[in-house]
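A closer look at the structure
Chain residues, written in single-letter form:
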There are 2 protein chains.
Amino acid sequence: MSGRCAFPVSRAERAQLAMVLEVLASPKPGNVDRCHDYPETRLEHFIVSTLAAHTPLQAAESRSAGLGSLIEEAVRATSCHTGGNTHFGAFLLLVPLIYGGGIDGARRAVRESTVEDAVAFYRAFALTRVKVNATDELDVNDPGAADFLRRRGMTLLDVMEYSAERDMVAREWTNGFALCSNGARTLREDPEPRTAVRRLFLSLLATELDTFIVKKHGIALAEETRMRAVSVREGLQTVASLDDWCIEHDINPGSLADIVIGAIYLALEEGWAWDS
Amino acid sequence: MSGRCAFPVSRAERAQLAMVLEVLASPKPGNVDRCHDYPETRLEHFIVSTLAAHTPLQAAESRSAGLGSLIEEAVRATSCHTGGNTHFGAFLLLVPLIYGGGIDGARRAVRESTVEDAVAFYRAFALTRVKVNATDELDVNDPGAADFLRRRGMTLLDVMEYSAERDMVAREWTNGFALCSNGARTLREDPEPRTAVRRLFLSLLATELDTFIVKKHGIALAEETRMRAVSVREGLQTVASLDDWCIEHDINPGSLADIVIGAIYLALEEGWAWDS
């Protein structure tokens, strides 16, 4: 095919491409992929959410607002389907990475986040159905959350530091986007780009505890998921059997999917040839 | 999920949604769907083409150029992957439907198409790998095609009338977008929107000869494909077995996929609740 290559040309488009390549990677044990929908959340919802993210991701690229408001706008714009939360965690990573123009800029951007970013983030959180700990002092369903944040002077980075121990997406804000950055390198070094994303996913599943699984099911089941992924990598069970087991136990490694999106985005920024 | 629904709000976004819902519908005998890629053309390519179409589809909505140039721009913008032609036929339908703001406007727009639209259309055609008849007087590989069109004073509608007998997408230009319009009604009347697209596809496969199959394999195999689709509808064979047969015989009903995209677009314009 001849003709000028016109996609992706912007950071926002690279982020959309990252969202697409993540969700279409298959098989991805437990998560929505080409071969598996959840009754409420289907592949269509992830793709439609990706399309709907175009304008807010462009806003992140042009820095038309602060990080918190940009995340809020992305969550609001993509709440346009019946599939529930699709990309909340992904936006938490993509927005600073886009805003900052890469890792270094993103680190600077999160350091400069404000209390109002934190307040906007809680508004975004309230739009989703993300599972939260009901005893959490920063319960998003508490209308006093904004007051609390302002009284304590907590910036969005402070909020992420507060959540980092039990949320691997928040942890990326505090460790310089370490998993995303390592994942991008893994993708670029993979000799087969067309199937590299599913290998990255399985590799993360075998090495990191998905904190979304921990919140939903406790640490024991999260650790068992990780050990089963190790046994898949060692050839002791098939990825299909792990997928079945995850679905049977209602285990979806959603936070790892968010990390993978961040990793793909960074790899694309670094020129990764996904289609070669 | 609360929050303002922000997608699709424009004609361009509805067209993108139509492209997504068509390709994700599954099973679709012979075509790329969730369960089937071709070696060269994968589901990723259709989704990436959809993302890349945003700007040119917006141009169609704002009527920033004539129909031919708009089609050319869409084809050029989506030639950004290694998957070959993904949406050429779809743009032939979507561009006038978007430009015209529906059927009536599209009919008027194609009547008003010009010779320069035809010349631009041939430039677009040359960007694709669409199979053409080598003995065709209007061979797109002939650099004299533009001269020929200008000498004869052929508008883009004239070109479509010339091709209508053997190309069902061109035929839509000449019959008031009849199949797209009927398909839109079928979708809106289907009681189960989530699976309506695959039923529309199978229904068209059983009632219309796909002209892409005719060009590629001749009329006998196209007619056999249609009869096999009839037998699926009558419960005499499974859709999976028809899919296998199509793949075995390298039969992909690509023109029907284009018609289905036009039908979904019109249904969405008429308020079809795809996600209900």
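What you are looking at is a predicted structure, and each value in this text was computed from that prediction instead of being measured.

Counting residues at the interface gives 43 residues for chain A, matched by 43 residues for chain B. Taking both partners together, chain A and chain B bury about 3,900 Å²; carbon and sulfur atoms supply 58% of that area. Where chain A meets chain B, there are 6 salt bridges. Here Asp275(B) makes a salt bridge to Arg42(A), at a shortest N to O gap of 3.6 Å. Run the count over chain A and chain B and you get 9 residue pairs in polar contact (both at pLDDT 80 or more). Among the elements of the structure, α1 (11-24), α2 (43-52) and α4 (67-77) of chain A are those that each provide at least two residues to the side of chain A that touches chain B. Among the elements that take part in the side of chain A that touches chain B, α2(A) stands out by supplying 8 residues, more than any other. Grouping the constituent residues of the side of chain A that touches chain B by class yields 19 nonpolar, 13 polar and 11 charged.

Further remarks concern the pattern of salt bridges. Counted under the stated rule, the structure contains 30 salt bridges over all chains. Each of Arg34(A), Asp37(B) and Glu44(B) takes part in one network of salt bridges that share partners.

With that settled, consider the relation of the copies chain A and chain B. Relating one copy of the chain to the other takes a rotation about an axis and a shift parallel to that axis. For the pair chain A and chain B, the superposition axis carries a translation of 0.0 Å, the fit reaches an RMSD of 0.0 Å, and the rotation angle comes to 180 degrees. With respect to symmetry, the two chain copies, as superposed, fit the operation of a two-fold axis. Ranked by how close their C-alpha atoms come to the rotation axis, the residues of chain A are headed by Arg34(A), at 2.7 Å. The share of interface residues of chain A whose copies in chain B are also at the interface is 100%, consistent with both copies meeting through the same surface.

Attention now moves to the environment of Arg42(A). Looking at the element boundaries, Arg42(A) is found in the loop between α1 and α2. Taking relative accessible area as the criterion, Arg42(A) reaches 8% and is therefore assigned buried. Discounting residues that sit within four places of it in the chain, Arg42(A) has contacts with Val32(A), Asp37(A), Arg194(B), Trp274(B) and Asp275(B).

Glancing now at the packing of helix α12 (residues 193-207) of chain A against helix α16 (residues 254-269) of chain A. All names here are of chain A. For the pair α12 and α16, interaxial distance at closest approach is 10 Å and the crossing angle is 135 degrees. Classified by the angle their axes make, α12 and α16 are oblique. At the point where α12 passes α16, the crossing takes the right-handed sense. Of the residues in α16, those touching α12 at Val197, Leu200, Phe201, Leu204 and Leu205 are Leu256, Ala257, Ile259, Val260, Ala263 and Ile264. Residues that form the contact of α12 with α16 fall into these classes: 11 nonpolar, no polar and no charged.

Okay, the side chain of Gln237(A) next. Residue and element names in this part refer to chain A. Relative to the helices and strands, Gln237 resides in the loop between α14 (219-233) and α15 (239-248). Within the structure, the side chain of Gln237 is placed 3.5 Å from the backbone oxygen of Arg228, a separation counted as a polar contact. Within the local environment of Gln237, its side chain forms a polar contact with the side chain of Ser231, the two groups lying 2.9 Å apart. If sequence neighbours within four positions are ignored, Gln237 has contacts with Arg228, Ser231, Val232 and Leu242.

Keep in mind that most residues, glycine aside, have a negative phi and that most peptide bonds are trans. Residue and element names in this part refer to chain A. Pro27 follows Ser26 through a cis peptide bond whose omega is -5 degrees. As for its placement among the helices and strands, Pro27 is situated in the loop between α1 and α2. Despite not being glycine, Phe177 has its phi angle at roughly 60 degrees, a positive value. Relative to the assigned elements, Phe177 resides in the loop between α10 (168-174) and α11 (178-189). Accessibility expressed as a relative area gives 0% for Phe177, which makes it buried.

Further remarks concern helix α5 (residues 88-100) of chain B. Residues separated by three or four positions in an α-helix point in the same direction, a consequence of the helix having 3.6 residues per turn. Relative to the 18 Å expected for 13 residues at 1.5 Å per residue, α5(B) spans 19 Å between its end C-alpha atoms, a close match to the ideal helical length. Of the residues flanking the end of α5(B), it is Gly101(B), one or two places downstream, whose phi is positive at about 70 degrees.

Turning next to the confidence of the model for chain A. Summary statistics for chain A give a mean pLDDT of 93 and a share of 92% for residues scoring 70 or more. As a predicted assembly, this complex carries a pTM of 0.93 together with an ipTM value of 0.92.

Residues and elements named next belong to chain A. Throughout the structure, instances matching the rule amount to 10 aromatic pairs over all chains. Here the aromatic rings of Phe88 and Phe121 are separated by 5.8 Å at their centres, their planes lie at 35 degrees, and the arrangement is tilted. With Phe88 in helix α5 (residues 88-100) and Phe121 in helix α7 (residues 115-127), this pair connects stretches of sequence that are 33 residues apart. Assessed through its relative accessible area of 6%, Phe88 is described here as buried.

Moving on, we come to helix α15 (residues 239-248) of chain B. Residues and elements named next belong to chain B. Residues of α15 that are buried include every one of Leu242, Asp243, Trp245 and Cys246, and no others. Each buried residue of α15 lies within a common arc of 165 degrees when the element is viewed along its axis, so the set occupies one face. Asp250 sits one or two positions beyond α15 and adopts a positive phi of about 60 degrees.

Once that is clear, we can look at the packing of α4(A) against α5(A). All names here are of chain A. It is at 9 Å that the axes of α4 and α5 come closest, and there the two elements cross at 135 degrees. In terms of axis orientation, α4 runs oblique to α5. α4 and α5 meet at a crossing whose hand is right-handed. Residue-level contacts link Leu67, Leu70, Ile71, Ala74 and Val75 of α4 to Phe88, Phe91, Leu92, Val95, Pro96 and Tyr99 of α5. For the contact of α4 with α5, a count of residues per class yields 11 nonpolar, no polar and no charged.

Definitions and cut-offs
- Residues numbered from 1 in each chain as written.
- Chains lettered and ligands numbered in written order.
- Predicted model: local features only at pLDDT ≥ 70, side-chain atom pairs only at ≥ 80, totals over all residues.
- Heavy atoms only, no water.
- Contact = heavy atoms within 4.5 Å.
- Buried area = accessible area lost by both parts, 1.4 Å probe.
- Salt bridge = Lys/Arg side-chain N within 4 Å of Asp/Glu carboxyl O.
- Polar contact = N/O pair within 3.5 Å; in protein donor to acceptor, adjacent residues only side chain to side chain.
- Helix = DSSP H or I, 4+ residues; strand = E, 2+ residues; numbered from the N terminus.
- Nonpolar A, V, L, I, M, F, W, Y, C, P; charged D, E, K, R; others polar.
- Least-squares fit on C-alpha atoms with pLDDT ≥ 70 in both.
- Buried < 20%, exposed > 50% of the residue type's maximum accessible area, 1.4 Å probe, protein only.
- Axes fitted to C-alpha atoms, helices over the stretch in contact; angles between N-to-C directions.
- Parallel < 35°, antiparallel > 145°, perpendicular 65-115°, else oblique.
- Left-handed = near helix turned anticlockwise from the far one by under 90°.
- Expected span 1.5 Å × (residues − 1).
- pLDDT = per-residue confidence, 0-100.
- Phe/Tyr/Trp six-rings, centres within 6.5 Å; stacked < 30°, edge-to-face > 60°.
- Arc of directions from axis to C-beta.

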